[in-house]
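One-letter residues, chain by chain:
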Amino acid sequence: MSYGRMDELTNKNPIADPKRRDFLKLTATSVGVVGVCAAAWPFINSMNPAADVMAVASIEVDISKLEPGQSLTTMWRGKPIFIRHRTPEEIKAAHDTPLSTLPDKQTDQDRFGKNPEWLVVIGICTHLGCVPTERKNMAPAEGGWLCACHGSRYDTSGRIIEGPAPRNLDIPNYEFLNNNTVLKIG
Ligand code: FES
């Protein structure tokens, strides 16, 4: 019985030969997979972030002019970032706050232990997303930020100490560059 055309060179029936049949199946499957990938690539590629988006994935901020007791606000990925050069008194006030009084129990050491002089937080209230205002010219224990929307108060470590916010101000990924004169966020 004939199962197909005989191969002219080998004089074998390629379909009847199990090894060649497996080879043909594998080849056909591989061609199919390559074809699907090629067709899907433009779609997959379109989901990659655009170059301009990647460009702001991280930012560098010059903090060399920021004296103790001074703050600045910068923008990163559309969010305000509060950077404060904390005074020794502010750091002490944050350390002295009893952990038991905090709704979101985090020590100042946990938050800024690596470089306690510098506070870096995302300036968005963790209640409903308003931007808190810095409480300027206050005694260190009274410093920090106040969210005027519903009265959440954050201390000099950005921890919630009063009001409806459920957790402390978030901390972005950051690192210091150039001997601590430039902050890279993101
Ligand atoms: S949004 Fe800040 S307290 Fe409600």
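Only a predicted model underlies this, so the values are computations on that prediction, with no experimental measurement involved.

**What about the overall build of the protein chain?**
Next, step 1: Along the backbone of the protein chain there are four helices and 10 strands.
Next, step 2: Each helix and strand of the protein chain, ordered N terminal to C terminal, gives the series α-α-β-β-β-α-α-β-β-β-β-β-β-β.
Next, step 3: Evaluated residue by residue, the protein chain yields a buried proportion of 19% over its 186 residues.
Next, step 4: For the protein chain, the proportion of contacts with a sequence separation of at least 24, taken over those separated by at least 6, is 48%.

**Structural notes on the sheet that holds strand 10 (residues 182–185)**
Next, step 1: Spatial ordering of the open sheet is given by 1-10-9, a layout of three strands whose pairing is antiparallel. Of all strands in the sheet, those with a lone pairing partner are strand 1 (59–62) and strand 9 (174–177), marking the two edges. Across the sheet, the axes of successive neighbouring strands diverge by a mean angle of 25°, strand direction being ignored.
Next, step 2: Sheet topology note: the strand 1/strand 10 ladder contains four bridges and is antiparallel. Counterpart to Asp 62 in the pairing with strand 10 is Val 182.

**Some words on the pairing of strand 3 (residues 79–85)**
Next, step 1: Note that strand 2 (residues 71–76) and strand 3 share six bridges and pair antiparallel. What sits directly across from Leu 72, in strand 3, is Ile 83.
Next, step 2: Counted between consecutive antiparallel strands, the loop separating strand 2 from strand 3 contains two residues, among which Arg 77 sits at a positive phi close to 50°.
Next, step 3: Bridge count between strand 3 and strand 4 (residues 118–122): five bridges; the pairing is antiparallel. For Ile 83, the partnering residue across the bridge sits in strand 4 and is Val 120.

**Here we look at the sheet that holds strand 3**
Next, step 1: With respect to topology, three strands assemble into an open sheet ordered 2-3-4, the strand pairing being antiparallel. Strands at the two margins of the open sheet, each flanked by one partner only, are strand 2 and strand 4. Looking at each pair of strands side by side, their axes are set apart by 20° on average, direction ignored.

**Quick word on the confidence of the model for the protein chain**
Next, step 1: Across the protein chain, the average pLDDT comes to 83, with 70% of residues at or above 70.
Next, step 2: In the model, residues 1–10 has pLDDT below 50 throughout and makes 10 contacts with residues more than four positions away in sequence or in other chains.

Rules used throughout
Along each chain, the written sequence defines residue order, and numbers are assigned to residues from 1. Local features in this predicted model are restricted to residues of pLDDT 70 or higher, and side-chain atom pairs are both shown and tallied only at a pLDDT of 80 or more, whereas totals for entire chains, interfaces and linings draw on every residue. Secondary structure elements follow DSSP: runs of H or I of four or more residues count as helices, runs of E of two or more count as strands, with numbering from the N terminus. Exposure is read from a count of other C-beta atoms within 10 Å of each residue's own; the residue is exposed at 12 or fewer, buried at 20 or more and partly exposed in between. C-beta atoms are placed from the backbone. Here the contact rule is simple: place C-beta atoms from the backbone, and any two residues whose C-beta atoms are within 7 Å are in contact. Two strands form a pair only when DSSP identifies at least two bridges running between them. Helix axes are fitted only over the stretch in contact, all axes being lines through C-alpha atoms; the angle between N-to-C directions runs from 0 to 180 degrees. Per-residue confidence from the predictor is given as pLDDT, running between 0 and 100.

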